[in-house]
Amino acid sequence: LGLPDLSGAELIERVRRTPGGADLPIVIYTGQSLSKERERELQQIASTVIVKDSTESSEKLLDETALFLHRAIANIPEDMQIIVERKDNASLQGRKVLVVDDDVRNIFSLTSALEQHGLEVVFAENGREGIERLRSTPGVDAMMVDIMMPEMDGYETMREIRKNPAIAKIPLISVTAKAMKGDRQKCLDAGASDYIAKPVDLDLLLALLRVWVTRSRSRPDAATKHHLSVALN
C-alpha cells in the first residue's frame, strides 16, 4: 500500500480502469495496521486483503493466489492450460463436510473425491434437513448445498442460515451450473461468500476449501468450532 510514487489504493483504481482490469484478481498483502473501516474500503477495490500480522499470513497469500490461478486456468481451453502443481492438502485433513443435494449421484461423487483428500463427509437430501444436520452435527467445517432443490432451494437455504445467529457467520460458497455474472450475483445476494461453476474442478474446489476454512478458523468466534458452507447447483 505504501509505494514511493503513488498509493497502492490509487494503483488498484488505475488498474481497474484499464482494459481487462475490472475483473483482474488483486491481492493486497500489507504490513500496515488497518482499521476495520479501512479494511472494508480496501475490500471494495481488491479481491482480498491479507495483513502480515502472523506466521500464517504467507500461507494465506499462497492459498489465495492458488485459488485465483485455478479460476483463471478453469476458463482456458484444456489444450492451452498450463499445469499448476497441486498444493498439499494437509490443512484439510480431518475436516468435516456436510453435503446437501437431492441427487444421490452428486453426493456419491463428491464424497468419493473429498474422502480421497482426507475430508470426512456427511450428507442431507434437502435444505431443511441440511440446516438441521448442521445444527446437530458437531465439528462441521463445510456445508455443500445444491441450489436447485424442490421445496427449499439453495438460495432460501443460504438466506435461512444467514438469519440464524448461531450459524450466520458461516462462509458460504455457491456452486452454480453457469459461470454467468448474474448467477454469481444472485448467489452473493442470497448470502454466499464465494462461488464455483459446474462441472466442479476438484483442484479449484480444494483451493476454495483451503481458503475459506483458513478464513473461518481465523475468526475470533471460530476458535472452538469452525464452519464452511458450499452451495452447489
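A brief structural summary. (Residues numbered from 1 in each chain as written. Predicted model: local features only at pLDDT ≥ 70, side-chain atom pairs only at ≥ 80, totals over all residues. Heavy atoms only, no water.)

**Here we look at the pattern of salt bridges**
Working step 1: Under the counting rule described, the total for this entry stands at seven salt bridges.
Working step 2: The residue E160 makes a salt bridge to K163 at a minimum N-O spacing of 3.5 Å. Separated by three residues within a single helix, E160 and K163 lie in helix α6 (residues 154-163), roughly one turn from each other.
Working step 3: According to the relative accessible area criterion, K163 is exposed, its value standing at 61%. (Salt bridge = Lys/Arg side-chain N within 4 Å of Asp/Glu carboxyl O. Helix = DSSP H or I, 4+ residues; strand = E, 2+ residues; numbered from the N terminus. Buried < 20%, exposed > 50% of the residue type's maximum accessible area, 1.4 Å probe, protein only.)

**Some remarks on the packing of helix α5 (residues 127-136) against α6**
A packed helix pair is summarised by two numbers, namely the angle formed by the two axes and the spacing between the axes.
Working step 1: The geometry of α5 relative to α6 is characterised by a closest axis approach of 9 Å and an angle of 30° between their N-to-C directions. In this view, α5 runs roughly parallel relative to α6, as classed from their interaxial angle. Taken as a pair, α5 and α6 cross one another with a handedness that is right-handed. Together, G127, R128 and I131 of α5 and E156, T157, E160 and I161 of α6 make up the contact between the two elements.
Working step 2: The residue inventory of the contact of α5 with α6, partitioned by class, reads two nonpolar, two polar and three charged. (Axes fitted to C-alpha atoms, helices over the stretch in contact; angles between N-to-C directions. Parallel < 35°, antiparallel > 145°, perpendicular 65-115°, else oblique. Left-handed = near helix turned anticlockwise from the far one by under 90°. Contact = heavy atoms within 4.5 Å. Nonpolar A, V, L, I, M, F, W, Y, C, P; charged D, E, K, R; others polar.)

**Things to note about the environment of L205**
Working step 1: Locating L205 in the fold gives a position in helix α8 (residues 202-218).
Working step 2: Of the residues examined, L205 reaches a relative accessible area of 2% and is grouped as buried.
Working step 3: The spatial distance from the C-alpha of L205 to the C-alpha of L114 is 9.6 Å, given a sequence separation of 91 residues.

**A closer look at the nonpolar core**
Working step 1: Ranked by internal contacts, the top residues of the largest apolar core, which has 23 residues, are L114 and L209.
Working step 2: Residue assignment for this core shows that the elements contributing at least two residues are β3 (96-100), α4 (104-115), β5 (140-146), β6 (172-176) and α8.
Working step 3: Here this core takes nine residues from α8, the largest share from any one element.
Working step 4: Here L114 is in contact with V97, L119, V121, M144, L205, L206 and L209, once residues within four sequence places are set aside.
Working step 5: With 21 residues, the next largest nonpolar core counts L134, I161, I167 and I170 among its residues. (Core = buried A, V, L, I, M, F, W, Y, C linked by side-chain atoms within 4.5 Å.)

**Looking at α6**
Working step 1: Residues of α6 that are buried: G154, Y155, T157, M158 and I161. What you see down the axis of α6 is that its buried residues fit within an arc of 165°, all on one side.
Working step 2: With a side-chain oxygen positioned 3.2 Å from the backbone nitrogen of Y155, the residue opening α6 is D153. (Arc of directions from axis to C-beta. Polar contact = N/O pair within 3.5 Å; in protein donor to acceptor, adjacent residues only side chain to side chain.)

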